[in-house]
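In case you want the letters, here they are:
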Amino acid sequence: MKPVRAVTLWWVLLLVSGLGATGKGSPEEASFYYGTFPLGFSWGVGSSAFQTEGAWDQDGKGPSIWDAFTHSGKGNVLGDETADVACNGYYKVQEDVALLRELHVSHYRFSLSWPRLLPTGVRADQVNKKGIQFYSDFIDALLKSNITPIVTLHHWDLPQLLQVRYGGWQNVSMATYFSDYANLCFEAFGDRVKHWVTFSDPRTVAEKGYETGHHAPGLKLRGTGLYKAAHHIIKAHAQAWHAYNSTWRSRQQGLVGISLNCDWGEPVDMSNPKDIEAAERYLQFCLGWFANPIYAGDYPQVMKDRIGRKSAEQGLDTPRLPVFSLQEKSYIKGTSDFLGLGHFTTRYITERNYPSRQGPSYQTDRDLVELVDPNWPDLGSKWLFSVPWGFRRLLNFAQTQYGNPPIYVTENGASQKLHCTQLCDEWRIQYLKGYVNEMLKAIKDGANIKGYTSWSLLDKFEWERGYSDRYGFYYVDFNKRNKPRYPKASVEYYKKLIAANGFPNPREVESWYLKALEICSINNQMLAAEPLLSYMQIMTEIVVPTVCTLCILIAAVLLMLLLRSLS
């Protein structure tokens, strides 16, 4: 069955089951489901190396494409911010592990810095032993605290020298360099790490790095660069999976998957076949672009048809979407032990035909428009709206489309409202409650969801947005040298949710909310009093000893004068 026909069938089932939205709102929103998650369900939080570690040139680390991108002086990042220090996580491992213990999470998803382990990106050039030791110690600290490490091999920070020498993901040789790097990680950490994620959100790497140029390496190769980058990333993922499968799996008994981010696409009009087809395309160009090769061996048919037709109309001899050989299709198919799924929000989708003469681009290839409902709660970021019911649909879609794979939710979270430095993040609690409940409904529907990673542990560097968006459970004061962390209200709420393994009853769930707000009010008062406490500490540590010393000196001088007058 072709992917598009499978999706069409899925939409029919959606309508028959009564889950289809008709315009604004959704039937699922009306009923909150009280119940618990399966025994052994894994709760966690996540982060990435570049966003939190800092120490960008310390202990033998090489530069990444994001170091080059943020240091360029071209205004690539809001406020010309860099991640040179970020959360200073490289030097605060024990403190951050203590925060994880405080949250009572089962797992922590984090990424390894490729250039920290291989400064040039090439294993044959040099392995940085200090980088190996840093991550080894970090993994040991997690395990000592009974926290399972879920380790991402590549979260966007490609070694800069691979970009300079080979053009980064535009070059198919990256697949071999990535496989060498992955083998190093399996060898060094695989005795303790049993959950590996090859790539985190590769669609954004391709689209923003090689199409719009909003992310490192900042290339604008419209309609071609992103497809070539994605093609090579998929090959790199498959090569790493096969390396683990053939060399390491028998002795380490771990799992290797990939993390794919996608918003849900809902047809504007469920009675309009063109809107339904547009929503299908949205999902296939988003999730299917990477998932379909991994689970079915090739790109979605709708991508091949659309891009092929538009390429021909633009006078090109070959389609802009690269082609897998029969051998490559067989090699790539089945290369995932689980599906990592990242999700943040939803869009309404309607069809719009873009003439081919406008030139090649990802946007015009899709022939659709993304819309939002003005009634959806606005969380502060321009793109992120709270639409919990879309999460359930995406989870059920993935379960149906890809043969009921084990699913780990690898990213889901809300950013802080603009200009808000309070610790009482009620909107994040409401987002967390709504999205986790829709995930529970998806499990009830039959989706095989094994774990949930809330994004993120800390406020951190948010790529082209700098430090303007805050996703953390812990507020980080980036203006202070030691980057102190403070718990937000959502910390208390998430702790209770984890402890209950779900939503036991209305009264108890409401008590979590009230308790969280009570604690955050106290924490806010303490945070507000910190300048005064710091001043008093300075007085205690510096002024008082100085005054005492002066008093002693004055007393000594007076005593000397008195003795001299007596003599």
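All values derive from a computational prediction rather than experimental measurement. (Residues numbered from 1 in each chain as written. Predicted model: local features only at pLDDT ≥ 70, side-chain atom pairs only at ≥ 80, totals over all residues. Heavy atoms only, no water.)

A. Here's a closer look at helix 11 (residues 273-296). Compared with the 34 Å implied by 1.5 Å per residue over 24 residues, the 25 Å span of helix 11 between its first and last C-alpha is markedly short. By the largest-angle criterion, Gly 288 marks the main kink of helix 11, which is about 65°. Most of helix 11 is tucked away: 19 of the 24 residues are buried. Residue Asn 272 occupies the N-cap position of helix 11, its side-chain oxygen lying 2.9 Å from the main-chain nitrogen of Lys 274. Gly 297, located one to two residues past helix 11, shows a positive phi value of around 100°. (Helix = DSSP H or I, 4+ residues; strand = E, 2+ residues; numbered from the N terminus. Expected span 1.5 Å × (residues − 1). Bend = angle between axes of the 7 residues up to and from the residue. Buried < 20%, exposed > 50% of the residue type's maximum accessible area, 1.4 Å probe, protein only. Polar contact = N/O pair within 3.5 Å; in protein donor to acceptor, adjacent residues only side chain to side chain.)

B. Just the state of the cysteines, in detail. If you walk through the whole model with that rule in mind, you get two disulfides. Taken N- to C-terminal, the disulfide-bonded cysteines of the protein chain are connected 1-2, 3-4. (Disulfide = S-S within 2.5 Å.)

C. Seen up close, the packing of helix 16 (residues 426-445) against helix 17 (residues 489-500). Contact geometry for helix 16 and helix 17: axes closest at 9 Å, N-to-C directions at 25°. Compared by their axis directions, helix 16 and helix 17 come out roughly parallel. Helix-helix and strand crossings are classified by hand; for helix 16 and helix 17 the assignment is right-handed. Mapping the contact onto sequence places Arg 428, Ile 429, Leu 432, Lys 433 and Val 436 in helix 16 and Ala 489, Ser 490, Tyr 493, Tyr 494 and Leu 497 in helix 17. (Axes fitted to C-alpha atoms, helices over the stretch in contact; angles between N-to-C directions. Parallel < 35°, antiparallel > 145°, perpendicular 65-115°, else oblique. Left-handed = near helix turned anticlockwise from the far one by under 90°. Contact = heavy atoms within 4.5 Å.)

D. Inspection of the sheet that holds strand 10 (residues 368-371) at higher detail. Pairing in this open sheet of three strands is mixed, and the strands run 7-9-10 from one edge to the other. For this open sheet the edge positions go to strand 7 (264-267) and strand 10, each flanked by a neighbour on one side alone. Averaged over all neighbouring strand pairs, the angle between strand axes comes to 40°, with direction disregarded. Across four bridges, the pairing between strand 7 and strand 9 (residues 346-351) is parallel. In the sheet register, Trp 264 faces strand 9, and the bridge partner there is Thr 346. Each of strand 7, strand 9 and strand 10 touches helix 11; the most contacted strand, strand 9, lies at about 125° to it. (Pairing = 2+ DSSP bridges.)

E. Structural view of unusual backbone geometry. Of note, the amide linkage connecting Ala 216 to Pro 217 takes the cis form, showing an omega dihedral of 5°. Among the structural elements, Pro 217 can be located in the loop between helix 9 (202-210) and helix 10 (225-252). Following Trp 455, the chain continues to Ser 456 via a peptide bond in cis, the omega torsion being 15°. If you trace the backbone, Ser 456 turns up in the loop between strand 12 (449-455) and strand 13 (474-476). Of note in this structure, Asp 80 is not a glycine but carries a positive phi near 55°.

F. Quick peek at the nonpolar core. The biggest cluster of nonpolar side chains holds 152 residues, and the ones touching the most others in it are Leu 112, Trp 169, Trp 196, Met 439 and Tyr 494. Take this core: its biggest share by element is twelve residues, from helix 10. Those residues within four positions of Tyr 494 in sequence are excluded, and the remaining contacts are Trp 43, Gly 44, Val 45, Leu 103, Val 105, Leu 432, Tyr 452, Ser 454 and Phe 473. (Core = buried A, V, L, I, M, F, W, Y, C linked by side-chain atoms within 4.5 Å.)

G. Representation of the packing of aromatic side chains within the structure. Counted under the stated rule, the structure contains 51 aromatic pairs. Measuring from ring centre to ring centre gives 5.5 Å for Trp 169 and Phe 199, while their planes differ by 70°; the resulting arrangement is edge-to-face. You can see Trp 169 sitting in the loop between helix 7 (160-166) and helix 8 (174-189) and its partner Phe 199 sitting in strand 5 (residues 195-200), a full 30 residues away along the chain. A ring pair is formed by Phe 473 and Tyr 494, whose centres lie 5.1 Å apart and whose planes are at 5°; its orientation type is stacked. Taken as a pair, Phe 473 in the loop between strand 12 and strand 13 and Tyr 494 in helix 17 lie far apart in primary sequence, 21 residues in all. (Phe/Tyr/Trp six-rings, centres within 6.5 Å; stacked < 30°, edge-to-face > 60°.)

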